[in-house]
Amino acid sequence: MTRPVLLQAIALLPDVDRHLAETYTVHQLPPAGPAREALLAQHGASIDGLVTSARAGFDQALLARLPNLRVISSFGVGLDTLDVPAAQARGIPVGYTPDVLTDCVADLAFGLLLSIGRRIPEGDRYVRAGQWVQKPPAAFPLGRQVSHAKLGILGLGRIGQAVAQRAGGFGMQVRYSGRRPVAGVDYGFEPSLVALARWADFLVIATTGGPETRHLVNAQVLDALGPQGFLVNIARGTVIDEQALLRALQAKSIGGAALDVFEYEPRVPEGFFALDNVVLVPHIASATVETRKAMGQRVLDNLSEFFAGRGLVSAA
Ligand code: 8YV
């Protein structure tokens, strides 16, 4: 039996890439340019499956070069870079990796929340710079208590709910906003994001990306969060008006922000670098050994189930 032919848009994990190479005939997709054109011209029509990720995504133009494509398997839960409707219009199922990363992403949300509220990275810089020795005792600025604080969550999906569960351990009050109330949860629903921001001490962004949520967190929401409020984003950079956030942090009109995601990754506006009231990490919410392994396994399982004639484990 001939092996299915895959086009791999991005390297995943060494073990996953090895498994793909051992099981399928794999062509690596070169970056946009003549090499990509040549590969697609030569092999585009032979491709059965596309392996991609939330980072690499795929668009209609790529699909058009793969006339016999039958399945797509993406590494990640985010669908904002994946033209799922274009795939579905051709009857091509799109596999992705929800659930297996929920805990890790929620863990990082709390890590960021504690980091900015309790000034942990700032304290680390303080000690390393020798300032603890040089400055008077108690010169380091006070942080904000996390236990018993008010937590607002934008987007109470799988990840938002996992954040809310963790908040229970900290005795926090939780309210949320989103398109509609979520059935079966006890947390209070706040239809207005501005009102949620005004109420919250910490506002965690856990909604999906894409055009519907672009710049939902704008200057008005940041104003409502106010100088005692902190923003945490583990969703997509596009949900926040990044320039408005930079201005708010510079003016100290919000307490602080902790960001895993940015509007134009991996580019982060340099204005953030000079500020102590922001924590910046390079999109690492799912980046643990355990979770990335599980995500890679789901990418493989979605493909193997499909090629065995069954449904995908997780289809978008
Ligand atoms: C990954 C993500 O960093 O799952 C997502 O949507 O953004 C992250 O888990 C990404 O998939 C890696 O490409």
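Residues numbered from 1 in each chain as written. Predicted model: local features only at pLDDT ≥ 70, side-chain atom pairs only at ≥ 80, totals over all residues.

(A) Examining the sheet that holds strand β8 (residues 188-189) more closely. If you walk across this open sheet you meet the seven strands as β8-β7-β6-β9-β10-β11-β12, and the pairing is parallel. Of all the strands in the sheet, the pair left with one neighbour each is β8 and β12 (278-280). Note: strand β10 (residues 230-233) against strand β11 (residues 256-259), four bridges, orientation parallel. Paired with asparagine 233 across the strands is leucine 259, a residue of β11. (Pairing = 2+ DSSP bridges. Helix = DSSP H or I, 4+ residues; strand = E, 2+ residues; numbered from the N terminus.)

(B) Fine view of the UniProt feature "domain: D-isomer specific 2-hydroxyacid dehydrogenase catalytic" (unreviewed entry) in the protein. UniProt records the feature "domain: D-isomer specific 2-hydroxyacid dehydrogenase catalytic" (unreviewed entry) at residues 21-311, using the numbering of this structure. Helix makes up 37% of residues 21-311 and strand 15%. Its end C-alpha atoms lie 22 Å apart. (UniProt positions renumbered as here; feature names shortened; annotations may be inferred.)

(C) Local environment of the domain arrangement of the protein. Looking at the assigned domains, one finds that the protein contains domain 1 (5-98 + 290-307) and domain 2 (102-280). Put simply, the middle of domain 1 and the middle of domain 2, counted by C-alpha atoms, are 33 Å apart. In this assembly, four residues from domain 1 lie in contact with six residues from domain 2. Of the residues that constitute the side of domain 1 that touches domain 2, the class distribution is one nonpolar, two polar and one charged. (Domains from an automatic or database assignment. Contact = placed C-beta atoms within 7 Å. Nonpolar A, V, L, I, M, F, W, Y, C, P; charged D, E, K, R; others polar.)

(D) Region of interest: the UniProt feature "domain: D-isomer specific 2-hydroxyacid dehydrogenase NAD-binding" (unreviewed entry) in the protein. The UniProt feature table records "domain: D-isomer specific 2-hydroxyacid dehydrogenase NAD-binding" (unreviewed entry) at residues 110-285. What you have in residues 110-285 is 32% helix and 15% strand, and the ends, taken at the C-alpha atoms, are 11 Å apart.

(E) Region of the structure containing the pairing of strand β4 (residues 71-75). With five of five residues buried, β4 lies mostly within the body of the structure. With burial as the criterion, each face of β4 is covered, one bearing Val71, Ser73 and Phe75 and the other bearing Ile72 and Ser74. Here strand β3 (residues 49-53) pairs with β4 via five bridges, running parallel. Within β4, the position partnered with leucine 50 by the bridge is isoleucine 72. Bridging between β4 and strand β5 (residues 94-95) involves two bridges; their strand directions are parallel. (Buried ≥ 20, exposed ≤ 12 C-beta atoms within 10 Å, placed from the backbone.)

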